[in-house]
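Chain and residue survey
Residue strings, one per chain:
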Amino acid sequence: MWNEDIDVKLQVKGLRIGGGMPKYNIDLPTLSIDYASSSIKGVLRKAARKVVNSIGGLGLDGVESEVFGNQNKEGKIQVSVRENIVEVNSTKFLVTEDKSGSHILKCLVCGEEIKYSEAKQHLKVCKRRIRSGIKIDSKFGSVKSGHLFSYDYIPVKTLKFSIKPILPLSDKEALLIYYSLNFLRYESLGGFGSRGFGLIEDVCVSDKFREYVVKRRDVS
Ligand SMILES: [Zn+2]
């Protein structure tokens, strides 16, 4: 049985979490990084289905609904974003480290990295990272007039989260989660995947969990 948090770090190419209300003249704003949990769980479940369908012989049929739940029962895991975020005048900053290991802040609006003491000053010069998109008329493949829209995104390159078991995970459930995490590479998290946002380029799982699963997989 596995009953600890599974810590994961993803390498991503920027991120857009849909669902925000239009603001600051942005048609399609993104939610903040701390709202990414349900997107992560969704993409993990999608990966789990691929695992079950593509790796036969593991006896993982039915394990997916134990882990992720179905209409009748709750799943066994919760996903939560594991990032340290501080807010200064309603702008969010990620607490991170520079090369020397000192704590710095990364502005979640423009991506610039600054010292703690510079946060208030930064807000005066912060430029929102907005990109403009064009809606294409699907019927004619042409640009519709008056259909420019603007959107923003979260300028992060990594995203850390934890999978928290609500109940202890059986070896098969742990194995499914492990394979699903490996299948996350090249999946897209959040919106605008076609523009490369949220593309998961690498997945890093805690050594302890990997060793646990690999040991049991090789025995059985
Ligand atoms: Zn900024």
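Preceding this section is the structure that the text describes.
Anyway, here's the lowdown on the structure attached to this text. (Residues numbered from 1 in each chain as written. Predicted model: local features only at pLDDT ≥ 70, side-chain atom pairs only at ≥ 80, totals over all residues.)

1. Focus: helix α4 (residues 171-182)
Counted at 1.5 Å a residue, the expected span for α4 with its 12 residues is 16 Å, and the 17 Å between its end C-alpha atoms agrees. Among the 12 residues that make up α4, nine are buried, leaving the element largely enclosed by the rest of the structure. If you check which residues of α4 are buried, you get E173, A174, L175, L176, I177, Y178, Y179, S180 and L181. (Helix = DSSP H or I, 4+ residues; strand = E, 2+ residues; numbered from the N terminus. Expected span 1.5 Å × (residues − 1). Buried ≥ 20, exposed ≤ 12 C-beta atoms within 10 Å, placed from the backbone.)

2. Let's talk about the sheet that holds strand β1 (residues 6-12)
The antiparallel open sheet is built from four strands, whose spatial order is β2-β9-β1-β10. This sheet does not close on itself; its edge strands, each paired only once, are β2 (77-81) and β10 (200-205). Mean inter-strand twist for the sheet, computed between neighbouring axes without regard to direction, equals 25°. By the bridge criterion, five bridges tie β2 to strand β9 (residues 158-165) in an arrangement that is antiparallel. Opposite I77, over in β9, you have P165 as the bridge partner. The sheet contacts of helix α1 (residues 37-54) involve β2 and β9, and relative to β2 the element is tilted by about 130°. Along the sheet, α4 makes contact with β1, β9 and β10, crossing β10 at roughly 145°. (Pairing = 2+ DSSP bridges. Axes fitted to C-alpha atoms, helices over the stretch in contact; angles between N-to-C directions. Contact = placed C-beta atoms within 7 Å.)

3. Focus: the pairing of strand β5 (residues 103-107)
When strand β4 (residues 91-97) meets β5, the two strands line up antiparallel, connected through five bridges. If you follow L94 over to β5, its bridge partner there is K106. Joining the antiparallel neighbours β4 and β5 is a turn of five residues, in which G101 adopts a positive phi near 90°. As judged from the two bridges shared by β5 and strand β6 (residues 113-114), these two strands associate in the antiparallel manner.

4. Overview of the packing of α1 against α4
Interhelical geometry of α1 versus α4 gives an angle of 105° and a closest axis separation of 8 Å. Classified by the angle between their axes, α1 and α4 sit roughly perpendicular to one another. The segment α1 lies against α4, with L44, A47, A48 and V51 engaging L176, Y179 and S180. Within the contact of α1 with α4, the residues separate by chemical class into six nonpolar, one polar and no charged. (Parallel < 35°, antiparallel > 145°, perpendicular 65-115°, else oblique. Nonpolar A, V, L, I, M, F, W, Y, C, P; charged D, E, K, R; others polar.)

5. What to know about unusual backbone geometry
With phi around 45°, N89 is a residue other than glycine that occupies positive phi space. Relative to the helices and strands, N89 resides in the loop between β3 (85-88) and β4. For N89, a count of 7 C-beta atoms within 10 Å corresponds to the exposed category.

The values reported here are purely geometric and, on their own, carry no functional implication.
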